[in-house]
Structures are given as structure tokens and as C-alpha cells.
Amino acid sequence: MNPHAMLISALSLLLGTTITISSNHWVMAWTGLEINTLAIIPFISKPHHPRAIEATIKYFLVQAAASALLLFSSMSNAWTTGQWDITQLTHPTSCILLTIAIAMKLGLVPFHFWFPEVLQGTSMTTALLLSTVLKLPPITILLMTSHSLNPILLTTLAISSAALGGWMGLNQTQIRKILAFSSISHMGWMAIITIFNPSLTLLTFYLYTLMTSAVFLTLNTTKALKLTTMMTSWTKTPMLNATLMMTLLSLAGLPPLTGFLPKWFIIQELTKQEMTLAATIMAMLSLLGLFFYLRLAYYSTITLPPNTTNHMKQWHTNKTTNTMIAILTSMATLLLPLSPMILTTL
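Residues numbered from 1 in each chain as written. Predicted model: local features only at pLDDT ≥ 70, side-chain atom pairs only at ≥ 80, totals over all residues. Heavy atoms only, no water.

Asker: Can you walk me through helix α12 (residues 238-252) in this structure?
Answerer: An α-helical turn contains 3.6 residues, so a residue and the one three or four places further along point in the same direction. Over its 15 residues, α12 runs 22 Å from end to end, which matches the ideal 21 Å to within 8%, given 1.5 Å per residue. All of the buried residues in α12 are Leu-240, Asn-241, Leu-244, Thr-247, Leu-248, Leu-249, Ser-250, Leu-251 and Ala-252. Once α12 finishes, Gly-253 follows within two positions and takes phi at roughly 95°, a positive value. (Helix = DSSP H or I, 4+ residues; strand = E, 2+ residues; numbered from the N terminus. Expected span 1.5 Å × (residues − 1). Buried < 20%, exposed > 50% of the residue type's maximum accessible area, 1.4 Å probe, protein only.)

Asker: What's the story with unusual backbone geometry in this structure? I'm lost.
Answerer: It is generally the case that most residues other than glycine have a negative phi and that most peptide bonds are trans. Cis peptide bonds are those with omega within 30 degrees of zero, and the linkage from Val-109 to Pro-110 qualifies with 5°. Inspection of the secondary structure puts Pro-110 in the loop between α4 (92-106) and α5 (114-120). Between Pro-255 and Pro-256 the backbone carries a cis peptide bond, its omega angle lying at 5°. Within the secondary structure, Pro-256 sits in the loop between α12 and α13 (260-272).

Asker: Where do I start with the packing of aromatic side chains in this structure?
Answerer: Centre-to-centre distance and the angle between the planes together describe a pair of aromatic rings. A full pass over the atoms with the stated rule returns seven aromatic pairs. Ring centres 5.3 Å apart and planes at 75° place the aromatic pair Trp-114 and Phe-115 in the edge-to-face group. A residue is classified by how much of its surface remains accessible, and Trp-114, at 7% relative accessible area, is buried. Overall, Phe-115 belongs to the buried group, its relative accessible area being 1%. Residues Tyr-298 and Tyr-299 carry aromatic rings whose centres are separated by 6.5 Å and whose planes lie at 80° to one another, so their mutual orientation is edge-to-face. Judged by its relative accessible area of 44%, Tyr-298 falls in the partly exposed class. Counting every residue linked through ring pairs, the aromatic cluster contains Tyr-59, Trp-114 and Phe-115. Above the plane of the ring of Phe-115 lies Lys-135, whose end atom (NZ or CZ) is 4.1 Å from the centre. (Phe/Tyr/Trp six-rings, centres within 6.5 Å; stacked < 30°, edge-to-face > 60°. Lys NZ or Arg CZ within 6 Å of the ring centre and 35° of its normal.)

Asker: Sorry, what's going on with the environment of Leu-154 here?
Answerer: Mapped onto the secondary structure, Leu-154 falls in helix α8 (residues 151-168). A relative accessible area of 2% places Leu-154 in the buried class. Separated by 37 residues in the primary sequence, Leu-154 and Ala-191 place their C-alpha atoms 6.6 Å from one another. Dropping the residues within four chain positions of it, Leu-154 is found in contact with Thr-99, Leu-149, Ala-191, Thr-194 and Ile-195. (Contact = heavy atoms within 4.5 Å.)

Asker: Honestly, empty space enclosed by the protein in this entry has me stumped. Any pointers?
Answerer: To locate leftover empty space, one rolls a probe as large as a water molecule over the atoms. Scanning the model with the defined rule gives five cavities of 30 Å³ or more in all. Here the largest cavity defines a volume of roughly 90 Å³. The wall of the largest cavity is formed by Leu-33, Asn-36, Thr-37, Tyr-59, Gln-63, Lys-105, Trp-114, Leu-130, Leu-134, Lys-135 and Pro-138. A total of three residues in the lining of the largest cavity trace back to one element, the largest contributor, which is helix α2 (residues 26-45). Each pocket or cavity is described by its volume, and for the second largest cavity that value is around 60 Å³. In terms of lining, the second largest cavity is formed by Ala-162, Gly-166, Ser-185, His-186, Trp-189, Leu-251, Lys-263, Leu-285, Ser-286, Gly-289, Leu-290 and Tyr-293. Those elements that provide at least two residues to the lining of the second largest cavity are α8, α9 (175-193) and α14 (276-302). Looking at the lining of the second largest cavity element by element, the count peaks at five residues for α14. (1 Å grid on protein atoms, 1.4 Å probe; cavity = no way out; pocket = protein on both sides within 12 Å on 5 of 7 lines; lining within 4 Å. Points joined across faces, edges and corners; volume = space filled by probe spheres on them.)

Asker: Just checking my understanding: could you explain the environment of Ile-86 for this structure?
Answerer: Checked against the element boundaries, Ile-86 lands in the loop between α3 (50-81) and α4. Spatially, the C-alpha atoms of Ile-86 and His-25 are 5.8 Å apart, while their sequence positions differ by 61 residues. With sequence-adjacent residues up to four places away left out, Ile-86 is seen in contact with Ser-23, Asn-24, His-25, Trp-26, Ala-29, Met-144 and Thr-145.

Asker: Help me out: how do you make sense of the nonpolar core in this one?
Answerer: If you look at soluble globular proteins, the nonpolar side chains tend to sit buried side by side. Core analysis: the largest hydrophobic core is formed by 96 residues, its most contacted members being Ile-175, Leu-219 and Met-230. Residues lining this core come from more than one domain, with at least three contributed by each of domain 1 (1-123) and domain 2 (150-345). (Core = buried A, V, L, I, M, F, W, Y, C linked by side-chain atoms within 4.5 Å. Domains from an automatic or database assignment.)

Shown next as C-alpha cells:
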């Protein structure tokens, strides 16, 4: 991609995110979301491959429909209450429409169909942006309107997402699709706690972003796109693959790694709110995710392929990327002892 075009798109992405997360007016929030959608399209379509163009069209249509629904929701609320303030969403129909619009933006079940397909059709770095940065503005809107949302609808969407994210990830062989279903499952964990403890949702999102960034950047360095190529990537970067296994297990939520922290807090909060059944179901559904993360970890480090590869070990790699991966991996695995300090911020 042309460096100038890339710079403009990246700055627009930053601008759109900043506008949405800092706005109080519905029209400004909608404007930020639209800027984001238009800014990411060049990144998705960059490979000039039919699959990338298909992914771009799917992404554009879904995001345009979600933005239109969000605008319609805010307009109908303004029509009945005379308020354009995001925190003043009180009309019941508007609340349901907004929940559906945000679910489409985040890829929650049953509006998840576009997400794995779009991730599969684009590059690893763009997939990372779609899984992390572009989820922040919709989550911010969800947090600002959390007191008005329907708890039954949101809990249903969250449990369905955790179930389907774990279930559909089991039989995938493409790594980007596995990470897409992992993202859907994590969004379910964030959605279920939004109404009861919005700051915990934000903490979960930050930690999820940390762990996912570490995984995506590692896979981008090893150029592993399928499970079969993952089996042979240990010959190129043995140490990176060993740390990848730890990050994947952290993403699965195993103690004593960082990923256990948000799940522990969420289950604790649900139990406090007397939602023991929902907490039990979510804990059981996380076992599905654990299975496919263990499968990825097994492929990346434990399995030896039947034949030897001719790859030379990469002693000289990009130092900037390596430093970033080292920092992210350390944070993605070692933050659990800091949980008492993190608890004070909630």
C-alpha cells in the first residue's frame, strides 16, 4: 500500500476511535464509527485477492447496517425524549435496537457470521486491528448506555456467544478463524458483565487486547496461517513458539496466567449478583475454548512433524517487533500477582 494512503487511513482510524470514545452526542459517536469503517476498508482490501475483496464487501455491508440501526435507535429515542445525550437512552425500543446494533458491530451471536469470514480474508495485522482496536468504540457505547440496557437480552447474547465461540472453534484448521471464534467467545464474557460492573468489562477488554496482540504478532512473525504450518514453525523460531504456547494458555484462562484474572473477577461478580446459574454456564463453556487453545499449543510446541524441514533458524529478525512481542508476552502471562492492585482500580 502507498505510504501516504496508509498514513491517512491509520490517522483516520485513530481519529474515528477518539471521536467515538470521547463524544456525548449520538451523532458524533455515529460519525466516529463511520470514519472507522471507511478507514479500515483499505487495510482489508490491501492484498488485491478475490477473498480480500469479498471480506471488504461483507465488512462494509454489515457495519453500514449496524451504523444505520444505531442512528435509527438514537433518533427514535430523541423523538420520544428530546435527548441526544448518549447516557440518556431511556426508550425501551431504542435500547433493544442499540443492543442489536452493538452486537452486530462486535460480532456477538447471532450477528457473528461476518467476523470469521472477514478475518480469514485479510492479513494478520489487519485481523489484529479488527479484533482489538475496532472493538473499542462499540464497547465504549455499550458501557455508556449499560444502565439502560435489557439484562435478559444481553445475558442471552453473551451466553450464546460464549457457547458458539467455543463450539465453532473446535473443528477449524485455519488459525485466523480459530482466533475469530476466540474473539466472539471473549466478547460474550465482556457483554455478560457490562450491566453489573462496566469497569470490569473495560479491564477484560484491555487484558484480552494484550493477549490477542501477543498471539497475532507472534503468528505474523512465524508466518503461520494454518495448523499444518504451525507444526513446522518451531524450526524457525523455537523460543517464540515456546512463549506462544504460554500466551495461548493465558488466552484460555488457565491460572496462574494473566487470562485467569478477568474470568475469575467476572464469575465472582456474577455470583455476587445472584446469577449463579449464568456463572456456572460461562465457566463450563470456557472449557470448550480451553480445548482448542490446548490444541493450538500442542501443535505449536509439542508435535513433531513426520518429516524434517529445511528452514534455517532465524537469528536475525525485526528487533522492534521482537521487543514488542517480548513486552506483550510478558504482560500476557505474568499479571496475575498484580490482581490486588488491579482490584483497587475497579
